[in-house]
Amino acid sequence: MCGRYAATKDPAALIDEFAAVDLTEGRIRTDHNVAPTKDVPTVVQRHPRDADGAVLEDEPAVRSLRMMRWGLVPFWAKDPGVGSKMINTRAETAKEKPSFKKAVSARRCLVPADGWYEWRRDGKEKQPFFMTGPGDGSLVFAGIWETWRPKEDKDADPLITFSVITTDSVGRLTDIHHRMPLLMPREKWDIWLDPDRPDVTDLLVPPPADLVDTIELRPVSSLVNNVRNNGPQLLDRVEPAADSALFELPNS
């Protein structure tokens, strides 16, 4: 966890929800089956820079909507392929691991989602579920991000990547999987995104039970297991006994 999610909101809805400037350059696409290595919208908050690239720390930080690739590639990585192994970051060890600790203190983001998929074992098979919140608001994952360039070409366009923070599951979610994305409630967005706050230890904890209690645990079709399948039908409720499709499990 978390290995798949859905993100279907259009840019206008996300800009309004997060009070952010749109820097996605028209690249947002409706996606009912987001998988690692895809480019997706994220929310960051950074101080502006001058013409030479220097950070203007005295200027107010600006919140923006930006596209990033899912799967963290640390700046020191030799090959961007390492990102496929860093789609998640454990909240419990994020501040100590060399791959994540700098990003946790200085490069945090929010990841808007309609909900995420998880698989519960039923006998020899696993039943996919879609976890989604009430109403039209996003479920928001805490994330961290990095900028990477090949060492042999410092002038190359940067590759911007992110990882979803995960934590122990809470409440009813423990019946599906022992891990879950770290959900960030609206009242904590400002703190998580604050570029001038290096220590967010108090936010790296499982979400409160009352937040988790609002989440719907919806059984869905095993069509979601194939990353080539994409469309609103993936979010439809399907009773497990009625879903006889055979499938291979994704990494989750």
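Given the structure is predicted, the values throughout are model-derived calculations rather than measurements.

(A) How the structure looks around the overall build of the protein chain. Regarding its fold elements, the protein chain presents four helices and 13 strands. Against the 2.2 N^0.38 benchmark of 18 Å for 252 residues, the protein chain shows a C-alpha radius of gyration of 18 Å, consistent with a compact globule. Principal-axis analysis of the C-alpha atoms places the extent of the protein chain at approximately 60 × 40 × 35 Å. Buried positions account for 49% of the 252 residues belonging to the protein chain. As presented, the protein chain carries roughly 12600 Å² of accessible surface, and 50% of it is formed by carbon and sulfur atoms. Each charge class in the protein chain can be summarised by its mean position, and for the 34 positive and 40 negative side chains these summaries are 6 Å apart.

(B) View of the environment of Gly-135. Assignment of secondary structure puts Gly-135 in the loop between β9 (125-132) and β10 (139-148). Note on Gly-135: relative accessible area 65%, which makes it exposed. Sequence spacing of Gly-135 and His-32 is 103 residues, and the spatial spacing of their C-alpha atoms is 17 Å.

(C) Inspection of unusual backbone geometry at higher detail. In this structure, Glu-25 is a non-glycine residue whose phi angle is positive, near 55°. With respect to the element layout, Glu-25 can be found in the loop between β2 (21-22) and β3 (31-34). In this structure Glu-25 comes out as exposed when scored by relative accessible area, which is 71%. Even without glycine at this site, Thr-37 takes up a positive phi of about 80°. Relative to the helices and strands, Thr-37 is located in the loop between β3 and β4 (39-46).

(D) Region of interest: the pairing of β4. Along β4, six of the eight residues are buried, which leaves the element largely enclosed by surrounding structure. Bridge count for β4 against strand β5 (residues 62-70) is eight bridges, and the pairing is antiparallel. Looking at the pairing, Val-43 lines up with Leu-65 of β5.

(E) Here's a closer look at a negative patch on the surface. A cluster of acidic side chains, namely Glu-57, Asp-58, Glu-59 and Asp-196, defines a negative patch on the protein surface. Relative to the helices and strands, Glu-57 is located in the loop between β4 and β5.

(F) Structural view of the layout of surface pockets. Taken as a whole, the largest pocket encloses approximately 640 Å³ of empty space. Lining the largest pocket are 23 residues, with Val-44, Arg-46, Arg-49, Arg-66 and Trp-145 sitting closest to its centre. Looking at the lining of the largest pocket, the elements that each hand over two or more residues are β4, β5 and β10. For the lining of the largest pocket, the element with the highest residue contribution is β5, accounting for five residues. A breakdown of the residues in the lining of the largest pocket according to their chemical character gives 12 nonpolar, four polar and seven charged. Here the second largest pocket defines a volume of roughly 220 Å³. Taken together, 15 residues line the second largest pocket, and the ones lying closest to its centre are Gly-137, Ser-138, Leu-139, Val-140 and Leu-211. A class-by-class count of the residues in the lining of the second largest pocket yields nine nonpolar, four polar and two charged.

Rules of the game
Residues numbered from 1 in each chain as written. Predicted model: local features only at pLDDT ≥ 70, side-chain atom pairs only at ≥ 80, totals over all residues. Heavy atoms only, no water. Helix = DSSP H or I, 4+ residues; strand = E, 2+ residues; numbered from the N terminus. Rg over C-alpha atoms; globule rule 2.2 N^0.38 Å. Buried < 20%, exposed > 50% of the residue type's maximum accessible area, 1.4 Å probe, protein only. Areas by Shrake-Rupley, 256 points an atom, 1.4 Å probe, with all protein chains shown as cover. Lys, Arg positive; Asp, Glu negative; His and termini not counted. Charge placed at Lys NZ, Arg CZ, Asp CG, Glu CD. Pairing = 2+ DSSP bridges. Patch = residues over 30% accessible without salt bridge, like charges linked within 9 Å, V, L, I, M, F, W, Y side chains within 5 Å. Salt bridge = Lys/Arg side-chain N within 4 Å of Asp/Glu carboxyl O. 1 Å grid on protein atoms, 1.4 Å probe; cavity = no way out; pocket = protein on both sides within 12 Å on 5 of 7 lines; lining within 4 Å. Points joined across faces, edges and corners; volume = space filled by probe spheres on them. Nonpolar A, V, L, I, M, F, W, Y, C, P; charged D, E, K, R; others polar.

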